[in-house]
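Descriptive analysis of the structure
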Amino acid sequence: MATEEHPGEATSADAAVAPTPSPAETATETKRRKQLKLEIGHLTEKNIGQVKKLNTATFPVRYQDQFYTDLMKSLDYSRLGFYADILVSSICCRLEDRAAGGRALYIMTLSVLKPYQRRGLASQLIEWVVDKAQGKEGQADEVQEIYLHVQTSNAGAIAFYKQYDFEITDEIPNYYKNIEPPDCYVLRRELNGNQPSS
């Protein structure tokens, strides 16, 4: 289990779809708001400062500099989302070895600036990650699953990931520090013929 982001840091969907409206409100709002097409770009040393600002604006906690140093070592499955040449979203993932063999792709963060939320941007980034993990590169990297942590109170994020076949597989009490509730769910999606363990 990855817990490096755990000391007081939000991960993946904690701010990507927060605050959390009901699913009915989300569906209605999505229909009313114009869907936007992202230009997907690479994370580089030149734009890591923009990612820091994006995360500061979208997450309830501050990531330490070590997070960004480590992020620069995991570029293959991380991308930035631009709209009208402005960084408005990002997804940052890393590969991890699994005890059961193969590798897991851990979604560390998925963020979308508030004015751009519920316009299909997070969906485009998740679809990019899933497609890459299921494609030739993911198979060469032996990616067997994608997983992430979501705060237990973030119903919007949970509903969002379930649309992409993620399932709650575990609950970790006191995962987060300095945010309430501190508990998280682990959401997983099996890939490339991997079967969930019973």
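Residues numbered from 1 in each chain as written. Predicted model: local features only at pLDDT ≥ 70, side-chain atom pairs only at ≥ 80, totals over all residues. Heavy atoms only, no water.

1. Considerations on the pairing of strand β4 (residues 103–112)
- Taken across its 10 residues, β4 has 9 buried, putting it largely inside the fold.
- By the bridge criterion, 9 bridges tie strand β3 (residues 86–97) to β4 in an arrangement that is antiparallel. Bridging from a neighbouring strand, R94 pairs with Y106 of β4.
- The antiparallel hairpin formed by β3 and β4 contains 5 residues in its connecting segment, where G101 sits at a positive phi of about 100 degrees. (Buried < 20%, exposed > 50% of the residue type's maximum accessible area, 1.4 Å probe, protein only. Helix = DSSP H or I, 4+ residues; strand = E, 2+ residues; numbered from the N terminus. Pairing = 2+ DSSP bridges.)

2. As for the pattern of salt bridges
- Under the criterion given, the structure shown has 7 salt bridges.
- R103 is paired through a salt bridge with D97; the nearest N and O atoms lie 3.4 Å apart.
- Since its relative accessible area comes to 65%, D97 is described here as exposed.
- Each of R98, E145 and R188 takes part in a single network of salt bridges with overlapping partners. (Salt bridge = Lys/Arg side-chain N within 4 Å of Asp/Glu carboxyl O.)

3. Describing the side chain of Q124
- Structurally, Q124 is set in helix α4 (residues 121–134).
- Leaving out residues up to four positions away in the same chain, Q124 has contacts with L36, K37, L38 and I40. (Contact = heavy atoms within 4.5 Å.)

4. What about the packing of aromatic side chains?
- Using the criterion set out here, one finds 10 aromatic pairs in the structure.
- Judged by centre distance (4.3 Å) and plane angle (35 degrees), the ring pair of Y63 and F67 falls under tilted. In this structure, Y63 and F67 share a single accessibility class: buried.
- Summarising the aromatic geometry, the rings of F160 and Y164 are spaced 5.4 Å apart at their centres and angled 55 degrees between planes, so their arrangement reads as tilted. Side by side, F160 and Y164 carry an identical accessibility label, which is buried. (Phe/Tyr/Trp six-rings, centres within 6.5 Å; stacked < 30°, edge-to-face > 60°.)

5. Quick notes on α4
- Taking 1.5 Å of rise per residue, 14 residues should cover 20 Å, and α4 covers 20 Å from first to last C-alpha, within 8% of that figure.
- The buried fraction of α4 is high, at 11 of 14 residues.
- Listed as buried for α4 are L121, A122, S123, Q124, L125, I126, W128, V129, V130, K132 and A133. (Expected span 1.5 Å × (residues − 1).)

6. Details of helix α6 (residues 155–162)
- Regarding α6, the residues found buried are G156, A157, I158, F160 and Y161.
- Against the buried residues of α6 lie β4, α4, β5 (143–151), β6 (167–172) and β7 (184–190).

7. Notes on the confidence of the model for the protein
- When the pLDDT values of the protein are averaged, the result is 84; 80% of them are 70 or greater.
- Residue range residues 1–30 is modelled with pLDDT below 50. Its contacts to residues more than four positions away, or to other chains, number 93 contacts. (pLDDT = per-residue confidence, 0-100.)

8. Here's the deal with unusual backbone geometry
- Between E180 and the following residue, P181, the backbone shows a cis peptide bond with an omega angle of -10 degrees.
- Mapped onto the fold, P181 is located in the loop between β6 and β7.
- For E142, which is not glycine, the phi dihedral falls at a positive 60 degrees.
- Summarising the element assignment, E142 is placed in the loop between α5 (136–140) and β5.
- Overall, the relative accessible area of 48% leaves E142 in the partly exposed class.

9. Points about the environment of R188
- When you line up the elements, R188 lands in strand β7.
- Take R188: its relative accessible area is 15%, and that puts it in the buried class.
- In sequence terms R188 and I168 are 20 residues apart; their C-alpha atoms lie 6.5 Å from each other.
- Side-chain polar atoms of R188 contact the side chain of E145, separated by 2.9 Å.
- Looking at R188, its side chain comes within polar contact range of the side chain of T169, at 3.3 Å. (Polar contact = N/O pair within 3.5 Å; in protein donor to acceptor, adjacent residues only side chain to side chain.)

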